[in-house]
Amino acid sequence: ACRAGIRTVMRAMAASTDHLPVLILSGTVGAGKTTVGDAVHEILSARQVPHAFVDVDRLADTWPQRGRFNQDTVFEALAALWHVYQRGGATHLVLAYVVEDRAELERYELALGQPCAFSVVRLTASPATLERRLMARETGEARDWHLQRASDLDALLDLRKPYDVEIENQDRTL
């Protein structure tokens with residue numbers, strides 16, 4: 001299911017010519033955004049599509065934080081990175097990051113400095129799978145926070161539906 005869904009979204013990205021095609025892999029913590037992003041990067045590379053893949057959470061790993069979840073730093077860093085990637089020839093952008101509200105896309109467009117054609121994909125997995133993934137990768141207080149965040153964020157995304165398509169990522173095959 002994940003493979004067919006991602007390929008459909010990638011075809012839609014390829015159709016955009018007058019706006020920057022941006023694929024955002026969204027979903028709760030543990031949904032597999034980075035893993036799927038790595039696979040999309042491999043597919044685009046094999047097809048020789050000039051692109052960049054950014055695990056946006058890594059851009060937030062600074063202290064002190066600026067804004068909620070350090071988003072001021074995230075968008076400033078994304079703007080700088082996109083400039084570098086563009087100079088290197090990138091024409092498509094793939095991002096792994098949670099989109100909680102469609103209004104956030106305006107901030108992406110401002111950071112990227114050009115009109116964008118966004119495709120927001122929500123990756124999902126069962127609560128048991130999310131818990132298994134988070135238990136394997138997180139420790140201590142961070143584990144507790146991520147487990148609670150997964151549940152809270154899943155409910156928020158169910159309510160707001162800030163995505164174009166939802167793809168189940170239970171088994172992580174692409």
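As the structure is a prediction and not an experimental result, all values here were calculated from the model.

Q: Let's hear about the packing of aromatic side chains: which residues, and what values?
A: Tallied over the full model, the rule gives 3 aromatic pairs. Here the aromatic rings of F69 and W145 are separated by 6.3 Å at their centres, their planes lie at 65°, and the arrangement is edge-to-face. With a gap of 76 residues between them, F69 in the loop between helix 3 (56–59) and helix 4 (71–87) and W145 in helix 7 (residues 140–160) connect regions that are remote in the sequence. A centroid spacing of 6.3 Å and a plane angle of 65° characterise the contact between Y108 and F118, whose relative ring orientation is edge-to-face. Taken together, the residues Y108 in helix 5 (residues 105–112) and F118 in strand 4 (residues 116–124) connect sequence positions 10 residues apart. F118 matches Y108 in its accessibility class, with the two residues each being buried. An aromatic cluster is defined as three or more aromatic residues linked by ring pairs; in this entry it consists of F75, Y108 and F118.

Q: Just give me the short version of the side chain of H146, but keep the residues and values in it.
A: Its place among the elements puts H146 in helix 7. Once you skip the residues sitting within four places of it in the chain, H146 turns out to touch V29, L134, R137 and E138.

Q: How would you sum up the sheet that holds strand 5 (residues 165–168)? Please name residues and give values.
A: Strand order in the open sheet formed by 5 strands is 2-3-1-4-5, and the pairing between neighbours is parallel. The outermost strands of the open sheet, each flanked by one partner alone, are strand 2 (51–55) and strand 5. Across the sheet, the mean angle separating the axes of adjacent strands is 20° when strand polarity is ignored. Taken together, the 4 bridges between strand 4 and strand 5 define a ladder with parallel strand orientation. Bridge pairing links T124 to E168 in strand 5.

Q: Run through the packing of helix 4 against helix 5, naming residues and quoting values.
A: Packing of helix 4 against helix 5 brings their axes to within 8 Å, and their N-to-C directions diverge by 40°. The pairing of helix 4 with helix 5 is recorded here as oblique in orientation. Considering how the two elements wind past one another, helix 4 and helix 5 form a crossing that is right-handed. The residues of helix 5 that touch helix 4, namely those facing Q71, D72, F75, L78, A79 and W82, are R107, Y108, A111 and L112.

Reading guide: rules and limits
Residues numbered from 1 in each chain as written. Predicted model: local features only at pLDDT ≥ 70, side-chain atom pairs only at ≥ 80, totals over all residues. Heavy atoms only, no water. Phe/Tyr/Trp six-rings, centres within 6.5 Å; stacked < 30°, edge-to-face > 60°. Helix = DSSP H or I, 4+ residues; strand = E, 2+ residues; numbered from the N terminus. Buried < 20%, exposed > 50% of the residue type's maximum accessible area, 1.4 Å probe, protein only. Contact = heavy atoms within 4.5 Å. Pairing = 2+ DSSP bridges. Axes fitted to C-alpha atoms, helices over the stretch in contact; angles between N-to-C directions. Parallel < 35°, antiparallel > 145°, perpendicular 65-115°, else oblique. Left-handed = near helix turned anticlockwise from the far one by under 90°.

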